[in-house]
Structures are given as structure tokens and as C-alpha cells.
Amino acid sequence: MATLLQPSPHSKLIDEILALKEKRNAVILAHNYQIPEIQDIADFVGDSLGLSRQAAKTSAETIVFCGVHFMAETASIVCPDKKVLIPDPEAGCSLADTINAEQLREWKHKYPDAIVVSYVNTTAEVKAESDYCCTSTNAVNVVNSIPKDKEILFLPDIFLGAYVQSKTKRKMHLWPGECHVHAKLDPQTVLGLIDKYPDAEFLIHPECGCVTNCMYLVEEGKIPQKGTYILSTEGMVRHAKQSPANEFVVATETGILHRLKKENPQKNFIPASENAVCQYMKMITVEKLHRSLTDLVYEVKVPKEIADRARVPIERMLAIS
Ligand code: SF4
């Protein structure tokens, strides 16, 4: 007997959000790690870079960014003439918090001739002190584009930095930062799952710093290369659709499973760790999104002087993607 779908307890709020969105001429962007209801309401769901690109090309006056703060900042930097809102300004990022602009200035002072490469998971102030931004996808290409005789300061994710060092065969100074979510994806858990699901493909997400640990293990040969794919979330969704495999171990924040299952209902997705949950991403709720559109809060505006400087490394990152 078919199961009757229960109406969402938020049906009324969701209807109001959709009406408010029209009234405010707003677009709702949601990161892949948002709760399922937020993903389902959003106009676009994707990674931070993809969402910034959506922000840059939208004709909407207002952008509601359902993600963490540095992502909304990046959207604000990329499109300074739009109103960028985040439903909860406390939605931060433990990785971005591992370094501030003052610490970076002190580090640069020790290595005055070094080039600074910052992962996109940083504050606008840190980006403003950087020469290049990068994502996990293009970090190797960004580093390879820098003349070989230049010293490099790479921040803030030590695992991504170690991976890039290994790929480029180039020694860099690494900031000792890490994300508390990907730190939970420890080698033993991952190796245990490969043994438990021998027919599954192993999908590693290279964005957001969440699986740089695993990327490093692949590089070191501790996770088998065969059947292991390092993919962006978009690549992960595409790969899952095209692959003949029916089972996938997914090493990233568990929020992506909603989208993978929704777009591939006949396939089985197993989280590498049920504990890989970013509590900051989950701070955005339907109620907060409703309030954001009702009261036009909380606006994320990067001061012009910082935004103008931060835009330079972001544009370099976009050019090398
Ligand atoms: S998962 Fe980690 S890197 Fe991504 S937003 Fe959360 S704390 Fe930051």
C-alpha cells in the first residue's frame, strides 16, 4: 500500500517564504550542506563557488544566502550592488576561524617575499591580505601558476595544503588549521567502509575543506585509487547519475546526501560518517529564513576598502578555475 506523504509542518511558512521572495525580488541560494527543507525551498543549491557565481549573475535585488558567513561575504564581494542577507549571522566556520587578518599579517612579516594562497574558507579580511584564493578543485593549479622560485604561505587547511604539496612536489609553509567536520572522517572509518562495501564507489568532496584529510590519504596510497573519485558536489551528483554503480560511500558533510538521493532515488548512498555534520550549516532554519525575508535581516556588507582588496584574489581564483 502506498504511503501517504505527510504535509510539511512548515507548509504555511514555506508558502509565505515563496510569496515574500517574489515581493522582495529575492533569490534564495542554499549550500549543499543545508537542511533538506532549505535545499527544497532554494532557487539554487550548490557549493560556495557555484553559489557565488549564481549571485554574480542574478537579476534579483536581494540575495538570501543560506550557508555560512564567509560564503555570504564572498557573494557580497562579488556583487557589491546587491543586498546580501544571511538568516543567521552566527553561522560561522571553524576552519575560517583558525586565522584572522592580524595573524596573517604577522605570518607575512616573517616571510615578506612569500605569495599568500588562501583557501576560500576564510574571512573577507584574510582574503584582503591574500594574493590568491583557491578552492580544493583548483588549489593545485593555483600553486602551479606561481613561479617556482617564490615561497608560498598556504592557509588555513593543513590537510589541503599537505595534499597540494604532494601533488605539486613543492614545499610550502602551511597554516595549522583544520575543519572539525572533516577531522571526524578519520582514516580507520574510511578504510573500514571500503572493506564493508567492496562494490561501492568512494566519492570524496574536494570543496569546503571537509575531506582534505581523505584527499591526502588517496595521495599517500592509503585509500585505493580504483573506484575512488575526488569530485565537487556538482561532479558528485553528475557522477552518481552516470555511473553503473548502485552504491556510493560519500565522504563529506552529510547534507549532500539529501540532494544525491533526491536526484538518484534508485541508488544507495552511505555517509562515510554520520557524525560529519556541520552545526553551523544547520543553524539556518525555515523560521530564520522566513524572518530574514520578512525583516530583511541580517545584511552582510563587506566594507568597500576590504572588499576591493579581497576581490583581487577571488578574481584570480575564478580565472584559474
Ligand atoms: S563543514 Fe567545516 S569547512 Fe565547511 S562550513 Fe562547516 S566548519 Fe567550515
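Residues numbered from 1 in each chain as written. Predicted model: local features only at pLDDT ≥ 70, side-chain atom pairs only at ≥ 80, totals over all residues.

### Examining the overall build of the protein
Then, number 1: Helix and strand content of the protein: 14 helices and twelve strands.
Then, number 2: On C-alpha atoms alone, the protein measures out to a radius of gyration of 20 Å, which is about the 20 Å that the 2.2 N^0.38 rule sets for 321 residues.
Then, number 3: Considering only C-alpha atoms, the protein reaches an extent of 65 × 50 × 25 Å along its principal axes.
Then, number 4: Counting across all 321 residues of the protein, residues that qualify as buried make up 45%.
Then, number 5: Intrachain contacts of the protein at a sequence separation of at least 6 include 68% that bridge at least 24 residues. (Helix = DSSP H or I, 4+ residues; strand = E, 2+ residues; numbered from the N terminus. Rg over C-alpha atoms; globule rule 2.2 N^0.38 Å. Buried ≥ 20, exposed ≤ 12 C-beta atoms within 10 Å, placed from the backbone. Contact = placed C-beta atoms within 7 Å.)

### Comments concerning helix α3 (residues 48-57)
Then, number 1: Along α3, the residues classified as buried are S48, L49, L51, S52 and A55. Looking straight down α3, one finds its buried side chains confined to an arc of 160°; they lie on one side.
Then, number 2: Among the structural elements, β1 (26-31), β2 (44-46), β3 (62-66) and α4 (69-78) are those in contact with the buried residues of α3. (Arc of directions from axis to C-beta.)

### Focus on the environment of D295
Then, number 1: Following the sequence through the fold, D295 ends up in helix α13 (residues 286-295).
Then, number 2: The exposed category is assigned to D295, around which 9 C-beta atoms lie within 10 Å.
Then, number 3: Spatially, the C-alpha atom of D295 lies 50 Å from that of Q225, the residues being 70 residues apart in sequence.

### Brief notes about helix α11 (residues 233-242)
Then, number 1: Among the residues of α11, T233, M236, V237 and A240 are the ones counted as buried. One side of α11 holds all its buried residues, which, seen down the axis, span an arc of 95°.
Then, number 2: Buried positions along α11 lie against β2, β9 (201-204), β11 (247-251) and α12 (256-263).

### Thoughts on the domain arrangement of the protein
Size of an interface: often given as the accessible area lost when the parts come together.
Then, number 1: Here the protein is described as being made up of domain 1 (11-92 + 281-303), domain 2 (96-178) and domain 3 (182-271).
Then, number 2: Taking the mean C-alpha position of each, domain 2 and domain 3 sit 26 Å from one another. (Domains from an automatic or database assignment.)

### Structural notes on the packing of α11 against α12
Then, number 1: Close contact between α11 and α12 brings their axes to 10 Å; oriented N to C, the two are set at 30°. Taken together, the axes of α11 and α12 lie roughly parallel to each other. Of the two possible hands of crossing, α11 and α12 adopt the one that is right-handed. Side by side, α11 and α12 meet where T233, M236, V237, A240 and K241 of the first sit next to I256, R259, L260 and E263 of the second.
Then, number 2: Residue composition of the contact of α11 with α12, by class: five nonpolar, one polar and three charged. (Axes fitted to C-alpha atoms, helices over the stretch in contact; angles between N-to-C directions. Parallel < 35°, antiparallel > 145°, perpendicular 65-115°, else oblique. Left-handed = near helix turned anticlockwise from the far one by under 90°. Nonpolar A, V, L, I, M, F, W, Y, C, P; charged D, E, K, R; others polar.)

### Brief notes about the packing of α4 against helix α14 (residues 304-320)
Then, number 1: Running from amino to carboxyl end, α4 crosses α14 at an angle of 95°, the nearest separation of the two axes being 9 Å. One finds that α4 runs roughly perpendicular with respect to α14. Mapping the contact onto sequence places T74, I77 and V78 in α4 and A307, A310, R311 and I314 in α14.

### A few points about the pairing of β11
Then, number 1: Within β11, four of the five residues are buried, which leaves it mostly tucked inside the rest of the structure.
Then, number 2: With four bridges joining them, β9 and β11 adopt parallel strand pairing. When the sheet's bridge partners are listed, F202 is paired in β11 with V249.
Then, number 3: Relative to strand β12 (residues 268-271), β11 is paired through four bridges, and the arrangement is parallel. When the bridges of β12 are listed, V250 appears paired with P271. (Pairing = 2+ DSSP bridges.)

### Focus: the pairing of β3
Then, number 1: Counted residue by residue, β3 has four buried out of five residues, so it is predominantly covered.
Then, number 2: Pairing geometry for β3 and strand β4 (residues 83-85), over three bridges, is parallel. Across the sheet, T62 pairs through a bridge with K83, a residue of β4.
Then, number 3: In terms of handedness, the path from β3 via α4 over to β4 forms a crossover that is right-handed. (Right-handed = clockwise from strand over helix to strand, strands pointing away.)

### Here we look at the environment of R311
Then, number 1: Assignment of secondary structure puts R311 in helix α14.
Then, number 2: For the pair R311 and K127, spaced 184 residues apart in sequence, the C-alpha to C-alpha distance is 8.1 Å.

### Some words on the sheet that holds β1
Then, number 1: Taken in spatial order, the four strands make up an open sheet running β2-β1-β3-β4, and their pairing is parallel. Across the chains shown, the open sheet's two edge strands, defined by having one partner strand only, are β2 and β4. Each neighbouring strand pair of the sheet contributes to a mean axis angle of 20°, computed without reference to strand direction.
Then, number 2: Two strands pair when backbone bridges link them, and β1 and β2 are joined in this way by three bridges, in the parallel orientation. When the sheet's bridge partners are listed, L29 is paired in β2 with F44.

### As for unusual backbone geometry
Then, number 1: With omega at -10°, the peptide bond leading from L155 into P156 counts as cis.
Then, number 2: On the secondary structure map, P156 appears in the loop between β7 (152-155) and α8 (158-168).
Then, number 3: Cis peptide bonds are those with omega within 30 degrees of zero, and the linkage from V297 to Y298 qualifies with -10°.
Then, number 4: Mapped onto the elements, Y298 comes out in the loop between α13 and α14.
Then, number 5: At K169, a residue that is not glycine, the phi angle is positive and equals roughly 55°.
Then, number 6: For L296, which is not glycine, the phi dihedral falls at a positive 55°.
Then, number 7: One can find L296 in the loop between α13 and α14.

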